[in-house]
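# Observations on chain architecture
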Amino acid sequence: MTGRLKEQVDLTQVECQVQVKLGVVTLLRKTATLPEVLKMLGAELEGDTRTPAGEWKQTWTFMLPREIPKGDFRMWRAAMRRGRH
């Protein structure tokens, strides 16, 4: 995942719009926090969760079962949650 951050960001508060498709069929479309998305995929945030403004890049490696058919996983928007406690 890459991006340009306008301000310091707490990655635990990033809200993502996620879509999973198999061919033309949408299997999942949901909004979740970045930690929730990673948990769905068997990963988690590590290290400092507060990133400074500027260029940002993070990668994760997921161990998915071979039985899962090839599909398309996209996170098309990620933004800080505002005004929620």
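First things first, this report covers the structure right here in the doc. Every value quoted in this text rests on a predicted model; they were computed, and no experiment measured them.

### A closer look at the pattern of salt bridges
For the structure on display, the rule yields two salt bridges. Salt-bridge contacts for Glu55 lead to Arg4; the nearest nitrogen and oxygen are separated by 3.0 Å. With Glu55 in strand β6 (residues 54-57) and Arg4 in strand β1 (residues 2-5), this residue pair connects regions lying 51 residues apart in the sequence. Looking at Glu55, the relative accessible area reads 63%, which means it is exposed. Judged by relative accessible area, Arg4 falls into the exposed class, the value being 62%. With a shortest N-O distance of 3.7 Å, Asp10 and Arg50 are connected by a salt bridge. With a gap of 40 residues between them, Asp10 in strand β2 (residues 9-10) and Arg50 in strand β5 (residues 50-51) connect regions that are remote in the sequence. A relative accessible area of 47% means that Arg50 is categorised as partly exposed.

### With respect to a nonpolar patch on the surface
Residues Leu22, Val24, Val25 and Leu27 make up a contiguous nonpolar surface patch of roughly 400 Å² in combined accessible area. Its location among the elements puts Val24 in the loop between β3 (14-22) and β4 (25-33).

### Here's the deal with the nonpolar core
Judged by nonpolar contacts, the single largest core of 13 residues is most densely connected at Leu11, Val14, Cys16 and Leu34. Among the elements of the structure, β3 and α1 (34-40) are those that each provide at least two residues to this core.

About the cut-offs
Residues numbered from 1 in each chain as written. Predicted model: local features only at pLDDT ≥ 70, side-chain atom pairs only at ≥ 80, totals over all residues. Heavy atoms only, no water. Salt bridge = Lys/Arg side-chain N within 4 Å of Asp/Glu carboxyl O. Helix = DSSP H or I, 4+ residues; strand = E, 2+ residues; numbered from the N terminus. Buried < 20%, exposed > 50% of the residue type's maximum accessible area, 1.4 Å probe, protein only. Patch = residues over 30% accessible without salt bridge, like charges linked within 9 Å, V, L, I, M, F, W, Y side chains within 5 Å. Areas by Shrake-Rupley, 256 points an atom, 1.4 Å probe, with all protein chains shown as cover. Core = buried A, V, L, I, M, F, W, Y, C linked by side-chain atoms within 4.5 Å.

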